[in-house]
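Here is how the chains run, residue by residue.
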Amino acid sequence: QVQLVESGGGLVQAGGSLRLSCAASGGTFSRYVMGWFRQAPGKEREFVAAITWSGGSTDYTNSVKGRFTISRDNAQNTVYLQMNSLKPEDTAVYYCAADTTSSLIGRSRYRYHYWGQGTQVTVSS
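Residues numbered from 1 in each chain as written. Predicted model: local features only at pLDDT ≥ 70, side-chain atom pairs only at ≥ 80, totals over all residues. Heavy atoms only, no water.

### Thoughts on the sheet that holds strand S8 (residues 78-83)
The strands that make up a sheet pair up through hydrogen bonds in the backbone, lying either parallel or antiparallel. Under the convention used in this document: A pair of strands is considered paired only if DSSP assigns at least 2 bridges between the two. For the purposes of this entry, the term helix denotes a DSSP run of H or I that reaches at least four residues, the term strand denotes a run of E that reaches at least two, and both are numbered from the N terminus. The angle between two axes is taken between their N-to-C directions and runs from 0 to 180 degrees, where each axis is a line fitted to C-alpha atoms and a helix contributes only its stretch in contact.
The 4 strands are arranged S1-S3-S8-S7 in an open sheet whose pairing can be described as antiparallel. Each of the sheet's edge strands pairs with one partner strand only, and the pair in question is strand S1 (3-7) and strand S7 (68-73). Put simply, the sheet's adjacent strands are angled 15° from each other on average, direction ignored. Two elements, S1 and strand S3 (residues 18-25), share 5 bridges in a ladder whose sense is antiparallel.

In structure tokens form, the structure reads like this:
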């Protein structure tokens, strides 16, 4: 059983930055594709970014390209999401997720088997 715990959310002004962390335990973190998703009030959970087990390949949804960076430290069992130039429309609960069966990045939430509890990010205008 994999446990994921996010941290680093908060309130920030538009144009500011936040760094989210997701600490994993209970599994073989270095083998998993890791992803970040977000869910705004009244909206479906959407893909934000993902990274392969080695960190050699990443993927981003168009709205965050050039502003967000996903990275991982397999020695620390942690995945990060650096968020710069934040906009009010980035306001959401952010979740990290683990795909424990595939080596390829996927954007569908149904590919991810384990989820954290989420961390709130609020961007004020």
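Structure shown, so let's carry the discussion forward.
### Section: the packing of aromatic side chains
Applicable threshold: What counts as a ring pair is set by centres within 6.5 Å for rings of Phe, Tyr and Trp (its six-membered ring), and what kind of pair is set by the plane angle: stacked under 30 degrees, edge-to-face over 60, tilted for all other angles. Buried means the residue's accessible area, taken with a 1.4 Å probe over protein chains only, is under 20% of the maximum for its type, while exposed means over 50%, and partly exposed covers the values in between.
All told, the structure shown has 4 aromatic pairs when counted by the stated rule. Judged by centre distance (5.7 Å) and plane angle (80°), the ring pair of Phe 37 and Phe 47 falls under edge-to-face. Taken together, the residues Phe 37 in strand S4 (residues 33-39) and Phe 47 in strand S5 (residues 46-51) connect sequence positions 10 residues apart. Judged by its relative accessible area of 7%, Phe 47 falls in the buried class. Ring-pair connections join several aromatic residues into one group, and the members of that group are Phe 37, Phe 47, Tyr 112 and Trp 115.

### Overview of unusual backbone geometry
Phi at Asn 77 takes a positive value of approximately 55°, unusual for a residue other than glycine. Along the chain, Asn 77 turns up in the loop between S7 and S8. Given the relative accessible area of 27%, Asn 77 is considered partly exposed.

### Let's talk about the state of the cysteines
Covalent bonding between the sulfur atoms of two cysteines defines a disulfide. Stated precisely, the cut-off is as follows: In this description, the term disulfide denotes a pair of cysteine sulfurs within 2.5 Å.
By the definition in use, this model includes 1 disulfide. Covalently, Cys 22 is tied to Cys 96 through a disulfide, its sulfur atoms 1.9 Å apart. A torsion of 40° about the S-S bond marks the disulfide between Cys 22 and Cys 96 as right-handed. Of this pair, Cys 22 sits in strand S3 while Cys 96 sits in strand S9 (residues 92-99), placing them 74 residues apart in sequence. For Cys 22, a relative accessible area of 0% translates into the label buried. You can call Cys 96 buried: its relative accessible area is 0%.

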